Amino acid sequence: MRILDRYILVSYLKTFLVVFIILMFIFVLQTIWLYIGELAGKDIDAGIILKFLLYFSPKLVPLVLPLTILLTSIMTFGSFAENYEFAAMKSAGISLQRAMRSLTVFIIFISLVAFFFSNNVIPAAEFKSINLRKNIAQLKPTMAISEGVFNDIQDFNIKVDEKTGDNDQYLKNVIIHQKSARSENLTVIKATEGELVGSTDSEVLSLILKDGNYYDEIPQKDPSKRDDKPFTKSYFQEYIINIDISNFNNVDMDDENYRNSQNMLKIGELSQSIDSFSTSYNQELNKFADVIYSRTGASYFASNYKAKDSITNFDESILELYDNKDALQIVDLSLGTVNAALSSVSIKKQEFQNSTRQLNKFEIALHEKYVLGVACIILFFVGAPLGAIIRKGGMGLPMVVAILIFLTYHFIGIFAKNSAEDGSMSPFLASWLSTLIMLPLGIFFTYRATTDQGLLAFGNFMAPINKLIKKLFRSKTETK
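The rules we used
- Residue numbers here run from 1 along each chain, matching the order of that chain's written sequence.
- Reporting of local features is limited, given that this is a predicted model, to residues whose pLDDT is at least 70; pairs of side-chain atoms are given and counted only at 80 or more, and all residues count toward the totals for whole chains, interfaces and linings.
- Excluded from the side-chain calculation are hydrogens and water; included are all heavy atoms of the structure.
- In this text, helices come from DSSP runs of H or I with a minimum length of four residues, and strands from runs of E with a minimum of two, each type numbered from the N-terminal end.
- Note on classification: 1.4 Å probe, protein chains only; a residue is buried when its accessible area is under 20% of the maximum for its type, exposed when over 50%, partly exposed between these limits.
- Residue contacts follow a heavy-atom distance rule, with two residues in contact if any of their heavy atoms lie within 4.5 Å.
- Areas reported here follow the Shrake-Rupley algorithm with a probe of radius 1.4 Å; residue values treat only the protein chains shown as occluding.
- The predictor's confidence in any single residue is recorded as pLDDT, a number from 0 to 100.
- By definition, a salt bridge exists where a carboxyl oxygen of Asp or Glu is found within 4 Å of a side-chain nitrogen of Lys or Arg.
- Each Phe, Tyr or Trp ring, with Trp reduced to its six-membered ring, pairs with another whose centre is within 6.5 Å; inter-plane angles below 30 degrees give stacked pairs, above 60 give edge-to-face pairs, and intermediate values give tilted ones.
- The pairing criterion is simple: DSSP has to find at least two bridges between the two strands.
- Only C-alpha atoms enter the line fits that serve as axes; for helices the fit covers just the stretch in contact. Angles between N-to-C directions range over 0 to 180 degrees.
- For classification, angles of less than 35 degrees are called roughly parallel, those exceeding 145 degrees roughly antiparallel, those between 65 and 115 degrees roughly perpendicular, and all remaining angles oblique.
- The crossing is said to be left-handed when, going from far helix to near helix, the turn is anticlockwise and less than a right angle, and right-handed when the turn is clockwise.
- In the scheme used here, Gly and all other residues not listed as nonpolar or charged are polar, with Ala, Val, Leu, Ile, Met, Phe, Trp, Tyr, Cys and Pro taken as nonpolar and Asp, Glu, Lys and Arg as charged.
- As defined here, a cavity is a set of points on a 1 Å grid over the protein atoms alone where a 1.4 Å probe fits but cannot get out. A pocket is an open set with protein on both sides within 12 Å along at least five of seven lines, and residues line them when an atom is within 4 Å of a point.
- Grid points are joined across faces, edges and corners, and a volume is the space filled by probe spheres set on the points.
- UniProt positions are given in the numbering used here, feature names are shortened, and annotations may be inferred rather than shown by experiment.
- Residue types Ala, Val, Leu, Ile, Met, Phe, Trp, Tyr and Cys, when buried and joined through side-chain atoms within 4.5 Å, form a set referred to as a nonpolar core.
- One fewer than the residue count of a helix, multiplied by 1.5 Å, yields its expected span.
- Note on bend: at a given residue it equals the angle between the axes fitted to the 7 residues ending there and to the 7 starting there.
- Of all possible arcs, the one meant is that of the directions from the helix axis to the C-beta atoms.

Colleague: Residue-level account of the overall build of the protein, with values.
Modeller: Assigned secondary structure in the protein consists of 14 helices and 7 strands. For the protein, buried positions account for 34% of its 480 residues. Relative to all contacts within the protein whose residues are 6 or more apart in sequence, the contacts with residues 24 or more apart total 70%. Within the structure as shown, the protein displays about 29200 Å² of accessible surface, and the carbon and sulfur contribution to it stands at 58%.

Take a look at the structure:
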C-alpha cells in the first residue's frame, strides 16, 4: 500500500509543480501587462522591476493555487482512469477513497500552508508592492496625474478630464487649486487645454494652460463682508506654471509610509480594525440621530409646553392663527429648516455608505484568509472524482473542464464580493458563497465516482418524463 500511495503522490506532485509554474508564469505576464505603464519610460533598473514582480507574485497565489489543485486533480485521476490503473486498483480491492487517502493528507497540508501564506506572506507583499508602486509613480510626474480626480502635486491640486499624447503630456479640461501659505485653496485656475513640457536634464516641469480663467478669492477681515465672497477673475489665452520636480526624481524606493489597506493586515489586526470601525460607525450614527432630533425642536416643545397649552380642536389651518407676515416667515423658516435637514441627511448618508463599504471590505478580507485553505480542499474533491469520471488525462479536455469550473467559482466570488461592499449581501456569505456552491458539487462527483456512475445519468432524468408521456397516451386511448 505504501508503494501505491507513493506512486499516486509522486504522480500528483509532478503534475502539480508543472501546472503551478505554468499558471504562475501566465499570471505574472498578465501583471506585467497591467502595470507596464507604471514601469516604462522611467529609467528603472532591472533590480527594481524584479522586486516589483516579486512583491506582486504572492497576491497571485489565491488565484493560481485553487486552479492548480483543480486542474492537477482532473489531469492526474483522469490519466489513471484512462490508463485503466483505477480498474487494476479496484480489482485488487482498492477503492477510490483509499487511493485518494495520501493525496487528501497532502491537500490538507497545502491548505494549512495556504492559510499561513494568506495571513502572513500576502499582507507583507501587499504592503511592499503598494508602497513600491507609489514610489515608482513619483519618478514621472505625468503618471502622478490621474484622470477624473484631484491629484496633490507640490503646492497644487490638479484635476484633468483626459490625458492624450505619447507621454500623456496633453491635458483637457484642467482645474487647479493652488494652496496658499496656510494650505487654503484661495486660487482656482480653469483651462480647456493644457500641456506638460519638461526634459530629463531640467528639474522644472512647465504646465502650459490655454484658454482659461483665473479666480482669486479675496480674504476679508470684516466678518460682515465674508458672506459676499468677493473674488477677482481674469481671462488668459496662455498661462504657464512652473512646478519644481526635484523631489520627484529623488525617490527612496524603500520608503514604506503607506499603510492604509485592508489587504496589508493579518487576522488579529483585521479583527481589531473591524471592532474599531464598528464602534466608531455606531457612535457617529447615534450622534447624527441626536443632532437631527435636536434640530426638529421636539425636545424643546416637550420640556416647555404642557398639554393644556395645546389646541386640540380647530378646523382652520394653524397658519391662519397668524397674520400674513408672520405666517410667511414661519413657512420660510420651516422650508429652510427642512431643506437644511435634507441636505445634511444626504451628505451624511453618503459618508455612512462609504464607511459601510470600508467596513465590509475589512470583513471580506478577514474571511478570505480562511476561504483560501478551505477552497483548496473542496476543489480537490471536485477535481479528483471528476477526473476519474471523464477518464481523460493530458492538457486537453481536463484543461477546458477545469477552466470552466474555476471561472464559475471565481466570477461568483467576484460578483458576491462586489455586492457585499455596498451592503447588498452579507460579507460573510459573499466570501464563502463560491466555496459553498462547490461543496455539494464535490460531494456529488465523489458519490458518482465511487459508485462507478457516469457524469450525468440522463436515464434518471428521462424516466419520469417517459412515464408521464405513457400515462397521457393511455388516457387518450381509453377515452377513444
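This is not the end of the story, as more comes after the structure.
Colleague: I'd like to hear about the confidence of the model for the protein, residue by residue, with values.
Modeller: Chain-level pLDDT for the protein is 77 on average; 75% of the residues reach the 70-or-more range. In this model, residues 249-258 is a region of pLDDT below 50 whose contacts with residues beyond four sequence positions or in other chains number 24 contacts. Here residues 457-462 is modelled with pLDDT under 50, and outside its nearest four sequence neighbours on either side it reaches 1 contact, counting other chains as well.

Colleague: Outline the pattern of salt bridges, supporting the account with residue identities and numerical values.
Modeller: One pass over the full model with this rule turns up 5 salt bridges. One salt bridge in this structure joins Lys59 and Glu126, with 3.3 Å as the shortest N-O distance. With Lys59 in the loop between helix H3 (46-56) and helix H4 (61-82) and Glu126 in helix H7 (residues 101-137), this residue pair connects regions lying 67 residues apart in the sequence. Using a relative accessible area of 25% as the deciding quantity, one classes Lys59 as partly exposed.

Colleague: If you had to explain the packing of aromatic side chains to someone new, which residues and values would you point to?
Modeller: On inspection of all chains with the given rule, the structure shows 19 aromatic pairs. Between Phe16 and Phe106, the ring centres sit 6.0 Å apart and the planes meet at 90 degrees, which makes this aromatic pair edge-to-face. Of this pair, Phe16 sits in helix H1 (residues 2-34) while Phe106 sits in helix H7, placing them 90 residues apart in sequence. Side by side, Phe16 and Phe106 carry an identical accessibility label, which is buried. Between Phe406 and Tyr409, the ring centres sit 5.9 Å apart and the planes meet at 40 degrees, which makes this aromatic pair tilted. Remark: Tyr409 and Phe406 occur in helix H12 (residues 397-421); sequence separation between them is 3 residues, near one turn of the helix. The pair formed by Phe406 and Tyr409 is uniform in burial state, with each residue classed as buried.

Colleague: Residues and numbers for the pairing of strand S2 (residues 156-159), please.
Modeller: Where strand S1 (residues 151-153) meets S2, 3 bridges bridge the pair, whose relative direction is antiparallel. Bridge pairing in S2 links Asp152 to Asn157. Of the strand pairs in this sheet, S2 and strand S4 (residues 170-179) are connected by 4 bridges, and their pairing is antiparallel. The residue of S4 that forms the bridge with Lys159 is Ile175.

Colleague: Describe in detail the packing of helix H11 (residues 324-390) against H12, supporting the description with residues and values.
Modeller: Two numbers describe a pair of packed helices, the interaxial angle and the distance between the axes. Interaxial distance between H11 and H12 falls to 11 Å at its minimum, and their mutual angle equals 160 degrees. Here H11 is positioned roughly antiparallel relative to H12, judged by the angle of their axes. For the element pair H11 and H12, the recorded crossing hand is right-handed. The segment H11 lies against H12, with Thr356, Arg357, Asn360, Lys361, Ile364, Glu368, Val371, Ala375, Val382, Leu386 and Ile390 engaging Leu397, Val401, Ile405, Tyr409, Lys417, Ala420 and Glu421. Across the contact of H11 with H12, the residue classes tally to 11 nonpolar, 2 polar and 5 charged.

Colleague: For the environment of Lys210, give the residues involved together with the corresponding values.
Modeller: Take Lys210: it is sitting in strand S6 (residues 204-217). In sequence terms Lys210 and Val174 are 36 residues apart; their C-alpha atoms lie 9.5 Å from each other.

Colleague: Can you tell me about the layout of surface pockets, naming the residues and giving the values?
Modeller: In this structure, the largest pocket encloses a volume near 1300 Å³. Lining the largest pocket we find 33 residues, and of these Lys59, Pro62, Leu63, Glu368 and Lys417 sit closest to its centre. Elements supplying a minimum of two residues to the lining of the largest pocket: H1, H4, H7, H11, H12 and helix H13 (427-450). Of the residues that constitute the lining of the largest pocket, the class distribution is 16 nonpolar, 10 polar and 7 charged.

Colleague: Which residues make up the UniProt feature "transmembrane region" (unreviewed entry) in the protein, and what are the values?
Modeller: Under the present numbering, the feature "transmembrane region" (unreviewed entry) in UniProt falls on residues 12-36, 60-81, 102-122, 370-390, 397-416 and 428-447. Secondary structure content for residues 370-390 is 100% helix and 0% strand, and the end C-alpha separation is 31 Å. End C-alpha atoms of residues 428-447 are separated by 29 Å, and the span's content is 100% helix alongside 0% strand.

Colleague: Lay out the nonpolar core in plain terms, naming residues and giving numbers.
Modeller: By size, the foremost hydrophobic cluster in this structure holds 61 residues, and its most contacted members are Tyr12, Leu65, Ile69, Leu70, Phe77, Phe86 and Phe380. Setting aside residues up to four positions removed in sequence, Phe77 forms contacts with Phe86, Leu96, Met100, Leu103, Phe380, Ala384, Gly387 and Ala388. The next biggest cluster of nonpolar side chains, apart from the first, holds 17 residues, and it includes Ile158, Val160, Ile176 and Leu205.

Colleague: Let's hear about H13: which residues, and what values?
Modeller: The terminal C-alpha atoms of H13, which comprises 24 residues, lie 36 Å apart, in line with the 34 Å expected from a rise of 1.5 Å per residue. Of all the bends found along H13, the most pronounced is centred on Leu433 and spans about 50 degrees. All buried positions along H13 are accounted for by Pro427, Ala430, Ser431, Trp432, Ser434, Thr435, Met438, Gly442, Phe445, Thr446, Arg448 and Ala449. Residues of H13 that are buried make contact with helix H5 (85-91), helix H6 (96-99), H11 and H12. Looking one or two residues beyond H13, the residue adopting positive phi is Asp452, at roughly 55 degrees.

Colleague: Requested: an account of H3, with residues and values cited.
Modeller: Three or more residues of H3 are buried, namely Ile48, Phe52, Leu53, Tyr55 and Phe56. Down the axis of H3, the sector holding all buried residues measures 165 degrees, keeping them to one side. Looking at H3, the residues exposed on the side facing more than 90 degrees away from the buried face are Ala46, Leu50 and Leu54.

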